[in-house]
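Inside the fold
The lines below spell out each chain.
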Amino acid sequence: MQPNKTRILVASLVLGCAQLALAAAPPAQERDRTYAKVCGFCHDAGVGPAILGRELPVAYIENVVRHGFRAMPSFRSSEIDNAALASVARWVSQSPASPANAAAPASPAAPATKAQ
């Protein structure tokens, strides 16, 4: 086989494999990249509370991320820049519950009170 034909064949195979890989990966809109890299480590593993599907306000999410809350550490703008924070906060706020969190209640049931 001639060198040019070999290069064309190899390039075609690489492009074909790349297209298959992209088709198998979930769309970028399904999972925010910042969430996958930073938040999911704790919030999907049960270390932190479930935050997906809770319709948390964007401003609340941004405030907790920047300043921390209870066991949640704060993240400086050098760790998560403002644009990425705004994007992940919008995504979390609008996200449906994850399958792992859908079965669990969003908050513990309130204790029963006696009727008087």
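Worth saying up front: this structure is predicted, and the values here are computed from it rather than measured.

So, about the environment of A59. Residue position: A59 is located in helix 3 (residues 58-67). With relative accessibility at 56%, the residue A59 sits in the exposed group. Separated by 30 residues in sequence, A59 and A89 place their C-alpha atoms 7.8 Å apart.

With that settled, the discussion passes to the packing of helix 2 (residues 33-43) against helix 4 (residues 82-94). Taken N-terminus to C-terminus, the directions of helix 2 and helix 4 make an angle of 90 degrees; their axes are 9 Å apart at the nearest point. Considering their axes alone, helix 2 and helix 4 lie roughly perpendicular with respect to each other. Residues T34, Y35 and C39 of helix 2 pack against A84, V88, W91 and V92 of helix 4. The class makeup of the residues in the contact of helix 2 with helix 4 is six nonpolar, one polar and no charged.

Across the chain, pLDDT averages 76, with 59% of residues at or above 70. Taken together, the stretch residues 20-29 has pLDDT below 50 and engages in one contact with residues farther than four places along the chain or on a different chain. Every residue in residues 103-116 is under pLDDT 50, and counting partners more than four places away or in other chains gives zero contacts.

As a further point, take helix 2. Those residues of helix 2 not exposed but buried are T34, Y35, C39, G40 and H43. End-on, the buried residues of helix 2 take up no more than an arc of 135 degrees, which puts them together on one face. Projecting away from the buried face of helix 2 at angles above 90 degrees are the exposed residues R33, K37 and F41. Along its buried surface, helix 2 packs onto helix 4. For helix 2, the side-chain oxygen to backbone nitrogen distance between the N-cap and T34 is 2.9 Å, and the N-cap itself is D32.

In this section: the environment of R76. Looking at the element boundaries, R76 is found in the loop between helix 3 and helix 4. Looking at R76, the relative accessible area reads 56%, which means it is exposed. Along the chain, R76 and V65 lie eleven residues apart, while their C-alpha atoms are 8.4 Å from each other.

What counts, and at which threshold
Residues numbered from 1 in each chain as written. Predicted model: local features only at pLDDT ≥ 70, side-chain atom pairs only at ≥ 80, totals over all residues. Heavy atoms only, no water. Helix = DSSP H or I, 4+ residues; strand = E, 2+ residues; numbered from the N terminus. Buried < 20%, exposed > 50% of the residue type's maximum accessible area, 1.4 Å probe, protein only. Axes fitted to C-alpha atoms, helices over the stretch in contact; angles between N-to-C directions. Parallel < 35°, antiparallel > 145°, perpendicular 65-115°, else oblique. Contact = heavy atoms within 4.5 Å. Nonpolar A, V, L, I, M, F, W, Y, C, P; charged D, E, K, R; others polar. pLDDT = per-residue confidence, 0-100. Arc of directions from axis to C-beta. Polar contact = N/O pair within 3.5 Å; in protein donor to acceptor, adjacent residues only side chain to side chain.

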